Protein chains: 4
Amino acid sequence: MRVAVSGFKGRMGHEVVKTVLREADLELVAVLDHEPKEKNIREIAEFNALDVPVYGNLSEMLETVKPDCVVDFTTPKVGYSNMKTILEHGVRAVVGTTGFTPEQITELRAIAESKKIGALIAPNFAVGAVLMMQFAQKAAKYFPNVEIIELHHDNKLDAPSGTAVKTAEMMAENREFIKQGAADEVELIEGARGAEYEGMRIHSVRLPGLVAHQEVIFGAEGQGLTIRHDSYDRISFMSGVALSVRKTKELETLIYGLENILD
Amino acid sequence: MRVAVSGFKGRMGHEVVKTVLREADLELVAVLDHEPKEKNIREIAEFNALDVPVYGNLSEMLETVKPDCVVDFTTPKVGYSNMKTILEHGVRAVVGTTGFTPEQITELRAIAESKKIGALIAPNFAVGAVLMMQFAQKAAKYFPNVEIIELHHDNKLDAPSGTAVKTAEMMAENREFIKQGAADEVELIEGARGAEYEGMRIHSVRLPGLVAHQEVIFGAEGQGLTIRHDSYDRISFMSGVALSVRKTKELETLIYGLENILD
Amino acid sequence: MRVAVSGFKGRMGHEVVKTVLREADLELVAVLDHEPKEKNIREIAEFNALDVPVYGNLSEMLETVKPDCVVDFTTPKVGYSNMKTILEHGVRAVVGTTGFTPEQITELRAIAESKKIGALIAPNFAVGAVLMMQFAQKAAKYFPNVEIIELHHDNKLDAPSGTAVKTAEMMAENREFIKQGAADEVELIEGARGAEYEGMRIHSVRLPGLVAHQEVIFGAEGQGLTIRHDSYDRISFMSGVALSVRKTKELETLIYGLENILD
Amino acid sequence: MRVAVSGFKGRMGHEVVKTVLREADLELVAVLDHEPKEKNIREIAEFNALDVPVYGNLSEMLETVKPDCVVDFTTPKVGYSNMKTILEHGVRAVVGTTGFTPEQITELRAIAESKKIGALIAPNFAVGAVLMMQFAQKAAKYFPNVEIIELHHDNKLDAPSGTAVKTAEMMAENREFIKQGAADEVELIEGARGAEYEGMRIHSVRLPGLVAHQEVIFGAEGQGLTIRHDSYDRISFMSGVALSVRKTKELETLIYGLENILD
């Protein structure tokens, strides 16, 4: 597939460029950034052996290069209008920005369907994290007693993590409500039993040396089931991006969420 | 549901009796064993507050008591003929013995379908273990690099465990073949890299104090995904038995394998 | 060694009897209980192959049987007076009850030293748990960033567990004070960051199927160190009791705490 | 302390320079390399704000700068002669190269003692890994049933890892010999039970995404004890280097092995 990367100078876009170059069935045909000073990617030391045009204007790039798919990692502000432009040109799109409203998604899906092309928006391309959440959701149907331990580096400001809350939400949809722990349990030191979400408990560990980790622990009479995801590096998102690019060839609609293409 | 338990003096059958007594929507209406000396379960000290007839003949029990479902934990030898008798009497059956041939399963399924009743045969009723295997199979599609560590008490004779091999088989069906490890890796001490199964590696730990545990560890650039099941006690099988009994009401065929009713 | 067991009908005492019988170098010479109806342990079905006298009076037992060591698992009330009686008879003692005052310990130690015999009082005979606490204390000197996760069955009423608090106390003695986590971290759901003890965090998980488990997780730039203890059964205390009995032969004083004989 | 770094252009030496700059009580007073083209470290872009002389000759540096301590990360070939030169100048030394013979160590220790200065040679500065090995050695005395699982990235060629074998050696010194597993256990697939070392078993997991990890799992009746070290980055060695530099001030001899200064 002939792939263009929009936002190629950002941290994620930069990884996407390297991923497209590495994957045998993907070809890098153009890159795009806001007011670039380069004309060709070879002007960047790291890519001096390549010959790929750099564009500052999305429509011009789409009309000139005619890629099979555009991968867009820009900002919530321009993500929506970029995707609209891409789809209206009849080109497949994989977008990694957040902040789309339901109305915007509905509108974009209608365009994708009228053009009969595939598109995917995902706030999270970590296949492993998405599988962890899916598995947790399924297990919660059979094991309503569950606690989450999420572990991050100690610079992280918010607790619990967004992934932990999302996991708890997904489990709550599928789980018989139980308020966990003994009915008359007592916290000798406040906070020992963690954060409560729909009767489940979430514990946030913060330590130097850690990156982003989560354990979902289910307990039942005589058994336990644990699902753990460890994320060390943003490179972990790239297999999800490559998977999404390939998947757009099979689709004639817009999908929201990586979980909906993991079958 | 009105439930009868066949093989009620065996270790599993005994747990099933207690489970049926504990679950509010299940009623124990009869128990069966080979040449029992008791006429009523109340003659057994543990159950002296109950009033449940004991039978030595399956057909007699089915015709007299007319249960909604029979749970059978006997031996591979009699499991097949018991199930046939139960189904021919138009009674639902949950059978926990192994050793059925494909032909026997086909024959029994035909009877269940002609009688329009549900039936289930399962070699393993541990919901947690079955979920672990299902999750591992799904993840193997996206993460072909995977190793299994199974840990058991040190009286266990065979290594790897049956569950580990079953898990590896299920993953192999869904996984791109990769021979794992460095191409030129060297074992300085023989066996360090474990048992090989289709390019995957299985490691068997045996220690006193352990019961039955398994970890399936997936690795990819920048991330890891681990699924672990801990089994401490055969009571862990009972939620799977109760689930199966209830499920037979919804079915009009015979299902082989607990995994096929976990949706 | 010729060993007598005081409080042999209690849950712990009963395990001690079985342990003394199992260990080749220990011989069971007498058992003691409050107003026993048996004269000999053989009157108890489980021990019908033995021939060991049962006593109701400690002094009588000490004078008649002259054991090398008495193991006492009774109650805090009588533990002190029992130990005093035993030591005054010049007999070694291992006592597993809690509630001794510092004055009582000083007094008993003086008796042991004047008689030149060994004695040991321990609130906890789980060698593994004591090692975990010792290791955690030592590691805290080099890794001041540490969190504790303790996991127990969901009938446990208090959180954090006594062992978790004891571990934190021992680490605090040896650890440079740090208030962990980001200075401006925010709990989006109250309790997410757990209980605080001297700047460290303790998280209490409660799930069915669990028994008593604890993880102490240290984090530093580029590395992590984790110490975990799993306790499944009170039988785990018995190796500590046997170790203590043997150790009294080498001592000419009273030791408080199993940790002080683990060198 | 006034510290000089020898081999400052190597990967470890470079980290040591950054560590000395970061630690408030350490001052970088000189750096040394083989035939350097720079005269001052400020000629290197990363360090352009500093003013530290670069030397190509060790004796000249020692005589001109008179540091309190030299940290040397060079090669086994020059490590010995460098250390000898440093000590003979009456300067403390911390050396991170391997390959010293016992005779060389004895000779160097004699010099350190005659000069009444501290020195340390260590093949491994990872405090966490050293603590793991110490704890494992101690626990092996009480828990002779133990298995090691070491997990590394899948480019690693040798299995088991050097750390795993070193850990097993240290445990063997302190452990009652037991051949683990059931006497008549059978490997259904060869290698399942791992590598054998003195009756203990070692399992080597190799997966992409992993760095360097090790678990030592002890099992006994009713309990388990696990010690795990995770190493993500060579920065993890730096706290051990800083600790060693400070320790040389307290010593009047040469110590071999970081474990001997962790009290």
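What you see is a predicted model, and the numbers here were worked out from it, not measured in a lab.

Remarks on the UniProt feature "active site" (unreviewed entry) in chain A
Mapped onto the present numbering, the UniProt feature "active site" (unreviewed entry) falls at H152(A) and K156(A). Beyond its immediate chain neighbours, meaning those up to four positions away, H152(A) contacts S161(A), V205(A), R206(A), L207(A), L210(A), V211(A), A212(A) and H213(A). For K156(A), a relative accessible area of 17% translates into the label buried. When residues no more than four places from it in sequence are discounted, the contact partners of K156(A) are S161(A), R206(A), A182(C) and E185(C).

Some remarks on the packing of helix 3 (residues 76-88) of chain C against helix 4 (residues 102-115) of chain C
Residues and elements named next belong to chain C. Across the interface, helix 3 lies against helix 4 with an axial gap of 9 Å and an inter-helix angle of 15°. Compared by their axis directions, helix 3 and helix 4 come out roughly parallel. Our pair here, helix 3 against helix 4, has a crossing hand that is left-handed. Contacts between helix 3 and helix 4 involve Y80, M83, K84, L87 and E88 from the first element and Q104, E107, L108, I111, A112 and K115 from the second. Counted by class, the contact of helix 3 with helix 4 contains six nonpolar, one polar and four charged residues.

Side note on the interface of chain C and chain A
Listed per partner, the contact involves 44 residues of chain C and 44 residues of chain A. For the pair chain C and chain A, the two sides together bury roughly 3200 Å², of which 63% comes from carbon and sulfur. When the area that chain C buries against chain A is broken down by residue, the three leading residues are L157(C), I189(C) and L207(C), summing to 17%. Counting across the interface, chain C meets chain A through zero salt bridges. Across the contact surface, chain C and chain A share 16 residue pairs in polar contact (both at pLDDT 80 or more). For the side of chain C that touches chain A, the secondary-structure elements that each account for two or more residues are strand 7 (146-152), strand 8 (158-159), strand 9 (186-187), strand 10 (195-197), strand 11 (200-206) and strand 12 (212-220) of chain C. At five residues, strand 11 of chain C tops the list of elements feeding residues into the side of chain C that touches chain A. In terms of residue class, the side of chain C that touches chain A is made up of 20 nonpolar, twelve polar and twelve charged. When strand 9 (residues 186-187) of chain A meets strand 8 of chain C, the two strands line up parallel, connected through two bridges. If you follow V186(A) over to strand 8 of chain C, its bridge partner there is D158(C).

Focus: the interface of chain C and chain D
With 32 residues of chain C in contact, the opposing surface of chain D contributes 32 residues. Of the roughly 2600 Å² buried between chain C and chain D on both sides combined, carbon and sulfur atoms contribute 59%. Taken as a group, F135(C), Y142(C) and Q223(C) account for 24% of the area that chain C buries against chain D, more than any other trio of residues on that side. Taken together, chain C and chain D are joined by zero salt bridges. Applying the counting criterion to the chain C and chain D interface returns 18 residue pairs in polar contact (both at pLDDT 80 or more).

A short note on the sheet that holds strand 4 (residues 69-72) of chain D
All names here are of chain D. One open sheet holds the seven strands; their spatial order is 3-2-1-4-5-6-14, and the pairing between them is parallel. Each end of this open sheet is capped by a strand with a single partner; those strands are strand 3 (54-55) and strand 14 (254-256). Across three bridges, the pairing between strand 5 (residues 92-95) and strand 6 (residues 119-121) is parallel. Paired with V94 across the strands is L120, a residue of strand 6. Most of the contacts of helix 4 (residues 102-115) go to strand 14, to which it runs at about 150°, and overall it touches strand 6 and strand 14.

Observations concerning the packing of aromatic side chains
Residue and element names in this part refer to chain D. Summed over all chains, the structure comprises twelve aromatic pairs over all chains. Centroid distance F143 to F218: 6.4 Å. Interplanar angle 50°. Geometry classified as tilted. Placement of F143 in the loop between helix 5 (127-142) and strand 7 (146-152) and of F218 in strand 12 (residues 212-220) is noted, with a sequence separation of 75 residues between them. The same class applies to F143 and to F218, which are both buried.

Quick notes on a negative patch on the surface
On the surface, E187(A), E190(A), E187(C) and E190(C) cluster together to form a negatively charged patch. Here E190(C) lies in the loop between strand 9 and strand 10.

Some remarks on the nonpolar core
By size, the foremost hydrophobic cluster in this structure holds 115 residues, and its most contacted members are F218(A) and F218(B). V3(C), A168(C), V16(D) and F73(D) belong to the second-largest nonpolar core, a separate cluster that totals 114 residues.

A closer look at the domain arrangement of chain A
Residue and element names in this part refer to chain A. If you check the domain split of chain A, you get domain 1 (2-121 + 235-261) and domain 2 (127-232). Spacing between the C-alpha centres of domain 1 and domain 2 amounts to 34 Å. Counting residues at the interface gives five residues for domain 1, matched by five residues for domain 2. When domain 1 packs against domain 2, close to 440 Å² is buried across both sides, 59% of that on carbon and sulfur atoms. The largest contributions to the domain 1 side of the interface with domain 2 come from S236, L258 and E259, which together make up 78% of the buried area. Here domain 1 and domain 2 share zero salt bridges between them. Looking at the side of domain 1 that touches domain 2, its residues break down into one nonpolar, three polar and one charged.

Quick notes on the relation of the copies chain C and chain D
When chain C is fitted to chain D, the best match, at an RMSD of 0.0 Å, comes from turning it 180° and sliding it 0.0 Å along the axis. Taken together, these values place the two copies in the relation of a two-fold axis. When C-alpha distances to the rotation axis are compared across chain C, the minimum falls at I227(C), with a value of 2.4 Å. Most of the interface of chain C is mirrored in chain D, where 100% of its interface residues are also at the interface.

Conventions and cut-offs
- Residues numbered from 1 in each chain as written.
- Chains lettered and ligands numbered in written order.
- Predicted model: local features only at pLDDT ≥ 70, side-chain atom pairs only at ≥ 80, totals over all residues.
- Heavy atoms only, no water.
- UniProt positions renumbered as here; feature names shortened; annotations may be inferred.
- Contact = heavy atoms within 4.5 Å.
- Buried < 20%, exposed > 50% of the residue type's maximum accessible area, 1.4 Å probe, protein only.
- Axes fitted to C-alpha atoms, helices over the stretch in contact; angles between N-to-C directions.
- Helix = DSSP H or I, 4+ residues; strand = E, 2+ residues; numbered from the N terminus.
- Parallel < 35°, antiparallel > 145°, perpendicular 65-115°, else oblique.
- Left-handed = near helix turned anticlockwise from the far one by under 90°.
- Nonpolar A, V, L, I, M, F, W, Y, C, P; charged D, E, K, R; others polar.
- Buried area = accessible area lost by both parts, 1.4 Å probe.
- Salt bridge = Lys/Arg side-chain N within 4 Å of Asp/Glu carboxyl O.
- Polar contact = N/O pair within 3.5 Å; in protein donor to acceptor, adjacent residues only side chain to side chain.
- Pairing = 2+ DSSP bridges.
- Phe/Tyr/Trp six-rings, centres within 6.5 Å; stacked < 30°, edge-to-face > 60°.
- Patch = residues over 30% accessible without salt bridge, like charges linked within 9 Å, V, L, I, M, F, W, Y side chains within 5 Å.
- Areas by Shrake-Rupley, 256 points an atom, 1.4 Å probe, with all protein chains shown as cover.
- Lys, Arg positive; Asp, Glu negative; His and termini not counted.
- Charge placed at Lys NZ, Arg CZ, Asp CG, Glu CD.
- Core = buried A, V, L, I, M, F, W, Y, C linked by side-chain atoms within 4.5 Å.
- Domains from an automatic or database assignment.
- Least-squares fit on C-alpha atoms with pLDDT ≥ 70 in both.

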